[in-house]
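Each chain is listed here by its residues.
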Amino acid sequence: FETNIRVLGGLLSAHLLATDAHLNIYGCQNCQSYKGELLDLAVDLADRLVPAFDTATGIPFGTVNLKYGVPKNETTIACLAGGGTLAVEMSVLSELTGNDTYCQFADKAQLALQKRRTPIGLFGGHIDNKSGAWKTKIGGLGAGIDSFYE
């Protein structure tokens, strides 16, 4: 999720700033010096992250090698933030590209977490992305959890 919120989010934000005519970042109206390269990088990165979503629950693996995909022996234990902080970036990317796939992956992960809330509506800290069972039932606002609520 760190790559999603920091790198993908940064690329998308920079693209949106670069294409905002009101900001006039390049110093000219209708300037053609920016041709969407940041969005192209965002798509490339997201496509490399997509294999992490190939799980029984749709909750992504916590690690994906950007060249080779999910490591062979990657743990199925994912932090709450890893499954729940994808909506903004993936939805923006889907909107900008017209490719709903990114948003669908994020939505599936979010729904998988939502349907596993406790009877009083709370979330645990870590979940098995294969079985859907909470492995850390204690929630809070610490590392690996707090970004879910942002």
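Thresholds, definitions, all that
- Residues numbered from 1 in each chain as written.
- Predicted model: local features only at pLDDT ≥ 70, side-chain atom pairs only at ≥ 80, totals over all residues.
- Heavy atoms only, no water.
- Helix = DSSP H or I, 4+ residues; strand = E, 2+ residues; numbered from the N terminus.
- Contact = heavy atoms within 4.5 Å.
- Salt bridge = Lys/Arg side-chain N within 4 Å of Asp/Glu carboxyl O.
- Buried < 20%, exposed > 50% of the residue type's maximum accessible area, 1.4 Å probe, protein only.

Caption draft 1: Focus on the side chain of asparagine 129. For asparagine 129, the position within the fold is in the loop between strand S2 (126-128) and strand S3 (134-136). Apart from residues no more than four positions distant in its own chain, asparagine 129 is found in contact with Thr55, Ala56, Thr57, Ile59, Pro60, Phe61 and Thr76.

Caption draft 2: Geometry of the pattern of salt bridges. A complete count under the given rule lists one salt bridge for this structure. Arginine 48 serves as the salt-bridge partner of aspartate 44, at 3.0 Å between the closest nitrogen and oxygen. Of this pair, aspartate 44 and arginine 48 are both found in helix H2 (residues 37-49), four residues apart, which corresponds to roughly one turn of the helix. On the accessibility criterion, arginine 48 (36% relative accessible area) is partly exposed.

Caption draft 3: Highlighting the environment of leucine 45. Note on placement: leucine 45 falls in helix H2. The spatial distance from the C-alpha of leucine 45 to the C-alpha of asparagine 4 is 8.9 Å, given a sequence separation of 41 residues. Each residue touching leucine 45, except ones within four places of it in the same chain, is listed here: Thr3, Val7, Leu8, Leu11 and Leu66.

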